[in-house]
Amino acid sequence: MKVTGFELRRIAMPLVSPFRTSFGVEHDRDVLLVRAVTEDGAEGWGECVAMSEPLYSSEYVDGAAEVIRRFLIPAVLSLPDADPYQVEVPFAKIKGHPMAKAAVQTALLDAKLRIAGMPLAAHLGAVRDRVPAGVSVGIMDSIPELLEAVEGYLAEGYLRIKLKIQPGWDVEPVRAVRERFGDILLQVDANTAYTLADARHLAKLDPFELLLMEQPLPEDDIRGHAELAKQVRTPICLDESITSARAAADAIALGATSVVNIKPGRVGGYLEARRVHDVCAANGVPVWVGGMLETGIGRAANVALAALPGCVLPGDTSASDRYFRRDITAPFVLADGHLAVPTGPGVGVDPDPDALAEVTTATEWIAR
Ligand SMILES: O=C(O)CCC(=O)N[C@@H](C(=O)O)c1ccccc1
């Protein structure tokens, strides 16, 4: 597949409500989209999930744009065949920047699959035509406000609730939700906010029968998570720590995780995400697909990934209106608590030109 060039397009997507985590509050998304254009006029889209600031991981959107512009696109254009599998060779020589790499690789994968007329879900090995939807609920100013938000999401049909937690907002909110809503599927996400010294406190979550406790400790504290797993009954799920299939194998072998959140942007793309899925499946470790507040482009690809056999828990694949008043693609809409897996070639959705124009803040074309 010959690529004539790439478009880097920045869009500003206001969130329907502020989204607060242990590392900050998001009011809008400054998203970088990558569009690959091939010689015969086909195109493919990739969404970079890096946030505006390096708070979830070391990447941030301006930095990702620079790495894509200076290093990743030249690496692709230097290849005789801009194949998404083959770009992993020159990309491996560039250290880090998985979200930037994922955006470029996904644009190439989308183009290749559109040309072949193959849906991404089929290419990845999907076994379902719809996936159960979970929803992520941010840290709130009060417990009544939290209960109102959870009640609304359950009324919409979400099948799993994930509560963001941090020191000072953990046991009480979980207790309140469990007492109010009974035995719903419920889990928590700490985004690295605790240390091993908090083990006894985190064990206070055990009576609430949570599905999992996500990333309680810093992303590089694998030993700490293995130690914590011996002190709490709630299953540990890693997110930020799982940067590759090898990292997943190591964390599993060391007893640091018993569930894995797969995020393609965090591991460098959907091809490595499938490898993480396969390593976890080989070890009997359940996985689910996390989210980074994606637009319909990234959301479509995540829903395809969530249809793989090992994805046995509802993911953070929520409906578009969880975050956006108007998505740049046809909105993903909850149906009986599920999202339909796109059936079109590639990621299976296209940006609506008018919606895209409305939110575009910058665009640049980078050619051979
Ligand atoms: O539904 C979604 O897309 C968001 C799910 C979610 O909570 N993402 C969290 C996370 O740490 O997993 C996040 C929020 C903000 C920024 C980055 C990540």
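Residues numbered from 1 in each chain as written. Predicted model: local features only at pLDDT ≥ 70, side-chain atom pairs only at ≥ 80, totals over all residues. Heavy atoms only, no water.

You'll find the protein entered in an unreviewed UniProt entry as o-succinylbenzoate synthase, with Catellatospora coxensis given as the organism. Quoted verbatim from the Cofactor (unreviewed entry) field of the UniProt record, the comment on the protein reads "a divalent metal cation". (UniProt positions renumbered as here; feature names shortened; annotations may be inferred.)

Participant: Is there a simple way to think about the sheet that holds strand 3 (residues 43–48) in this case?
Facilitator: Two strands in a sheet stick together by hydrogen bonds in their backbones, pointing the same way (parallel) or opposite ways (antiparallel). Spatially, 3-2-1-13 is the arrangement adopted by the four strands of the open sheet, whose pairing is antiparallel. The open sheet has two edge strands with one neighbour each: strand 3 and strand 13 (360–367). Going from strand to strand, the sheet's axes swing by 20° on average, the running direction of each strand aside. The pairing of strand 1 (residues 3–21) with strand 13 spans seven bridges and is antiparallel. By the bridge assignment, R10 is partnered in strand 13 with A362. Contacting strand 1, strand 2 (24–38) and strand 3, helix 3 (residues 98–116) runs over the sheet at an angle of about 155° to strand 3. (Pairing = 2+ DSSP bridges. Helix = DSSP H or I, 4+ residues; strand = E, 2+ residues; numbered from the N terminus. Axes fitted to C-alpha atoms, helices over the stretch in contact; angles between N-to-C directions. Contact = heavy atoms within 4.5 Å.)

Participant: How should I be thinking about the UniProt feature "domain: Mandelate racemase/muconate lactonizing enzyme C-terminal" (unreviewed entry) in the protein in this particular structure?
Facilitator: As recorded in UniProt, the sites labelled "domain: Mandelate racemase/muconate lactonizing enzyme C-terminal" (unreviewed entry) are residues 143–235. In this annotation, residues 143–235 is assigned 42% helix and 12% strand; the end-to-end C-alpha distance for the span is 25 Å.

Participant: How do you make sense of the environment of R266 when you look at a structure like this?
Facilitator: Checked against the element boundaries, R266 lands in helix 10 (residues 264–267). Considered as a pair, R266 and P353 are 87 residues apart in the sequence and their alpha carbons are 28 Å apart.

Participant: Explanation requested: unusual backbone geometry in the structure shown.
Facilitator: Glycine aside, residues mostly have negative phi angles, and peptide bonds mostly take the trans form. In the Ramachandran plot, H97 falls in the positive-phi region, its phi being about 60° despite a non-glycine side chain. Structurally, the position occupied by H97 is in the loop between helix 2 (88–93) and helix 3. H97 sits in the partly exposed class, given a relative accessible area of 32%. One non-glycine residue with positive phi stands out, namely D336, at about 50°. As for its position among the elements, D336 is in the loop between helix 12 (296–305) and strand 12 (338–340). Overall, D336 belongs to the exposed group, its relative accessible area being 70%. (Buried < 20%, exposed > 50% of the residue type's maximum accessible area, 1.4 Å probe, protein only.)

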